[in-house]
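Single-letter residue listing:
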Amino acid sequence: MTLVRVLAFSVVVLLAYTLFANILPQVQSDPPTDEAPVAADGLDMPAMIAWGERLFSGKGTCTLCHNDLGRAPDLLKLNLAETWADRLGNANYEGEAKGEEGAAAIEIYLRESMVDTSAYVVPGFGKKGTNDTVSPMPAVDAAPISLSEVEMNALIAFLQDRTGVDVTVPLPTGDDGEDVAGDDEDGEEEGPAESAQVALDKYTCSACHDVNDSGADAGPPLHSLGAKLGRDGIREAILDPNATIAEGFEADMMPDDFGDQMRVSELDMIIDYLMTLDAKGDAQ
Amino acid sequence: MNPVRLTFAVLAMAFAVMVLPDLVFAADPAPQPTRADYPAIKGFSARTLVWGLSQMHLFLAAFVLAVPLFVLCIELAGVLSGDDRYDNMAHEFMKISMAAYSFTALAGGGLAIALFLFYPHLMGYLLKVFKGQTLIYALLFGLESVCLYVYYYSWDALRYGDRKWYHMTIGLILNTVGLALLFVANAWAAFMMSPAGVGPDGAVTGTVWEATRNPLWNPLNLHRFLANIAYGGAIVGAYAAYRFLSEKSADLRAHYDWMGYTSNIIAVVGFLPLPFAGYWLMAEIYAYSQQMGITAMGGVLAWLFIIQAVLIGSILLAANYYLWCGLGRTDRGASYAPYVKYIAVVMVGGFLVWVTPHSLILTPQELQLMGGSHHKVLGPLGIMPAKNTAVNLMLVFTFLSFQMFYRSSRVPTVSWYKAGNAAIIALYVVGCLNIIAAGIYGYITPTVYKVGASVPQVVTTLSIIVFAAIIDGFMLKGATKTQVNWGRMTVRSQYALFVLPVAFTWLMALMGYIRSSLRTHWHVYTIMKDNSPEAYIPTIGEAGNIITVITLMFMALIVFIFWLSQLGATKQVPQRQAAVQPAAGAGS
């Protein structure tokens, strides 16, 4: 009897802990994916910048440190256009951007900050006991972050764009494509869809939307969107579906990872095509 | 097959596997298996199996390694005091841990098999890095078995006089071997978190010693050493409490009450310095990789420290509750009873401060932020100083609870006892003020220095404890002892002794989950990626459920082990004598 009572008591205590663990916010942390939106070809600058933004909080794990908690400069608030002069003019600055001007200097400085992190340490942020000579920031081109050259370019593009200076990094070329898609684990890359209609089926749009005469009604019909949303509106509706919710429908219904799956060429094709559809869904 | 022999065979096989590739490809980088390279059984989670087995192995090993440590101390106390009760108790503690030993080996063997089966590349790589150390581990394991059996079975044969010292020497060897085992196993776990002695691609560049002496090895050694002692104490405490509740005779109840009290002290003594060891471990993690440190304290794992706070809070509350009930054992205890409510206020208040998350209710926006793989920080660190202050005060007052009971059976006879009392009170008051002041300072300084503010707090806490103990030691020298009525304890108080092992077991598994998760998607951090389908960090709920299942299985095993050890002492007696035979188990 004593045994039963003692065990029952212990199990109740145990279950209380378990319950507590289950009512806290639940987050699963998946290994980073490469998040490359496209193969080699056809990445335009807005897509590059958007990719950089995803890298910033995703694979790059920059937000882990660069946030408003004071562990590292808050890059999202920092106005690089103003601070760079300050950084480069600092007596301690001996890095490669010395003597450069404007957006080009910012690019060099940003890249240097990422790969040779201790080249210049923002005062007050150095490793404890090193008198701001060693940066606690890991080089992002080495493990564990392991960004590729192109990914770093995307990050620089994102940071430059945020600051409002010219984006100076090059778009990826065909050769970089290897780099972008190279890490893909399963190598199941297929070629891009050959037409917009094929793409709409390939990415299951037609399973939810009335398009290609599918008659589906899980989402609004993709008719006469050109007038309603315009190019940019359509782009946003596809890449970030929860940004605005179509009337009569709920959020979180439409997958938000098309940006990761599609090639830019396919996205453009779909947008071009949707722009042409009239109220009955016929191409004009 | 005998579990010990089985483990040995597995390890020997592993050694053979290791030697051959090592001769051929010594300078190869770490293997990078792709998803398809991981042996998989459909619908079966290899990670959960390995998780369960390693946790089970760790529970048992922690228990089995910890018990001989304090048993030896109690044995020594028995020799120094000449009181046979100590020796009987030590022997009984040993008896419980003996029954657990073969299960430890069994779980360890199972773990090794599962690891080689499901993570062959990782294990192959670790063997390559640690070379013959696996063999040393196997040898140590054999030696541990020998020492353990000799130590236990020679107990009565080497009980008095010079022979006792031989026995204690065996105990010392046993503990040395046990610690060596712990340290070797820690080296592998720590290497996976902070690899050393290998190049950036994983090619072996250094010696085995360099790989062993990686940055997190020693912090982990200390942390696990202390935690094991607390854990071992908590488990034998549950044994004592259970026996107390089920025995009828007053003598036996007195014996088990005293045993429970001692176990509780062991658990608390192991526990008090643990936060300090925790800070050191955390600081070393930050120094090794700020990214890893922030992943722990501010990233996806931040909420876990709230659960940790609840667990530690319940451990401290339970231990204190037990100590307060203990005041009922002495007649003078009643004069201390009025203070209990103040201590209780501090304990409960501290507990509440500690478990209050920075933002209890998340806005949808925050939730969305948490949805990413590495999301923005929740910021419990923002109020870390408040939490540190709370936990330090709780530790100080736990010690005070213990001190009250200790004094309740002793009337000081030294002339300066008034001054001594005043000094102790002053020590507590000044110490607590200092802890609070450091907390406030931590609150107003920028985040970077917050961690620094916690060091003076911990130092103050430890100083209070050490100096209060020293002053008391002198003051109560030659004190008139009043009687302690062992066994005069409420039934309810014993339940506190069950909260301890349950909370400790769950807590240990939780910390194991955190420690492994810090590597994120790496087998060996920055060197060997985990490309298996289960490379993700599970949610707290999922982890909690798994931990609970493991804990339940461990509890079942422990009940079985207790039953075994009791069975071993049960003698069936011929019918006629049964009436005069005392109940089984007392101090045999």
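Check the entry above for the structure.
Residues numbered from 1 in each chain as written. Chains lettered and ligands numbered in written order. Predicted model: local features only at pLDDT ≥ 70, side-chain atom pairs only at ≥ 80, totals over all residues. Heavy atoms only, no water.

Caption draft 1: Main features of the overall build of chain B. The helix and strand tally for chain B stands at 19 helices and 4 strands. For chain B, the residues scored as buried account for 57% of the 588 residues in total. Sequence separation of at least 24 residues holds for 85% of the intrachain contacts in chain B that already meet a minimum separation of 6. Only carbon and sulfur atoms are counted for the fraction: they give 70% of the accessible area of chain B, which is about 24200 Å². (Helix = DSSP H or I, 4+ residues; strand = E, 2+ residues; numbered from the N terminus. Buried < 20%, exposed > 50% of the residue type's maximum accessible area, 1.4 Å probe, protein only. Contact = heavy atoms within 4.5 Å. Areas by Shrake-Rupley, 256 points an atom, 1.4 Å probe, with all protein chains shown as cover.)

Caption draft 2: Here's a closer look at a negative patch on the surface. Residues D232, E236, D240, D252, D256 and D257 of chain A make up a contiguous surface patch of negative charge. Tracing the sequence through the fold places D256 of chain A in the loop between α11 (230-239) and α12 (258-261). (Patch = residues over 30% accessible without salt bridge, like charges linked within 9 Å, V, L, I, M, F, W, Y side chains within 5 Å. Salt bridge = Lys/Arg side-chain N within 4 Å of Asp/Glu carboxyl O. Lys, Arg positive; Asp, Glu negative; His and termini not counted. Charge placed at Lys NZ, Arg CZ, Asp CG, Glu CD.)

Caption draft 3: Geometry of empty space enclosed by the protein. Going through the model one piece at a time under the given rule, you end up with 7 cavities of 30 Å³ or more. Along the wall of the largest cavity there are 33 residues; nearest its centre are H66, P73, L75, S113 and M137 of chain A. Sorting the residues of the lining of the largest cavity by element identifies α3 (62-65), α4 (80-89), α5 (102-115) and α6 (149-163) of chain A together with α11 (290-297) of chain B as the ones contributing at least two each. No other element matches the 4 residues that α5 of chain A contributes to the lining of the largest cavity. Partitioned by chemical class, the residues of the lining of the largest cavity number 23 nonpolar, 8 polar and 2 charged. (1 Å grid on protein atoms, 1.4 Å probe; cavity = no way out; pocket = protein on both sides within 12 Å on 5 of 7 lines; lining within 4 Å. Points joined across faces, edges and corners; volume = space filled by probe spheres on them. Nonpolar A, V, L, I, M, F, W, Y, C, P; charged D, E, K, R; others polar.)

Caption draft 4: Representation of helix α12 (residues 304-326) of chain B. A rise of 1.5 Å per residue sets the reference length of α12 of chain B, with its 23 residues, at 33 Å; its end C-alpha atoms lie 33 Å apart and thus fit the reference within 8%. With 21 of its 23 residues buried, α12 of chain B lies for the most part within the structure. (Expected span 1.5 Å × (residues − 1).)

Caption draft 5: Region of the structure containing the interface of chain B and chain A. Chain B puts 56 residues into the contact, and the matching count from chain A is 42 residues. Roughly 4700 Å² is buried in total at the junction of chain B and chain A, and carbon and sulfur atoms are behind 69% of that figure. Joining chain B to chain A, the criterion identifies 0 salt bridges. Taken together, the links from chain B to chain A amount to 5 residue pairs in polar contact (both at pLDDT 80 or more). Listed by contribution, the elements that provide at least two residues to the side of chain B that touches chain A are α8 (217-246), α11, α12, α14 (364-370), α17 (447-475), α18 (491-517) and α19 (540-569) of chain B. Ranked by the residues each element gives to the side of chain B that touches chain A, the list is headed by α19 of chain B, at 10 residues. In terms of residue class, the side of chain B that touches chain A is built from 32 nonpolar, 21 polar and 3 charged. (Buried area = accessible area lost by both parts, 1.4 Å probe. Polar contact = N/O pair within 3.5 Å; in protein donor to acceptor, adjacent residues only side chain to side chain.)

Caption draft 6: Representation of the packing of α5 of chain A against α6 of chain A within the structure. All names here are of chain A. It is the contact of α5 with α6, at a shortest axis distance of 10 Å, that shows an interaxial angle of 130°. The orientation of α5 relative to α6 falls into the category oblique. For the pair α5 and α6, the crossing hand works out as right-handed. Here α5 contributes A103, I106, E107, L110, R111, M114 and V115 to the contact with α6, which in turn contributes E149, M152, N153, L155, I156, L159 and Q160. (Axes fitted to C-alpha atoms, helices over the stretch in contact; angles between N-to-C directions. Parallel < 35°, antiparallel > 145°, perpendicular 65-115°, else oblique. Left-handed = near helix turned anticlockwise from the far one by under 90°.)

Caption draft 7: Representation of α11 of chain A within the structure. Residues and elements named next belong to chain A. Among the residues of α11, G230, G233, I234 and I238 are the ones counted as buried. Around the axis of α11, the buried residues are gathered within 130° of arc, so they sit on the same side. Check the buried side of α11 and you find it contacts α10 (225-228), α12 and α13 (264-276). (Arc of directions from axis to C-beta.)

Shape descriptors only; they carry no functional weight alone.
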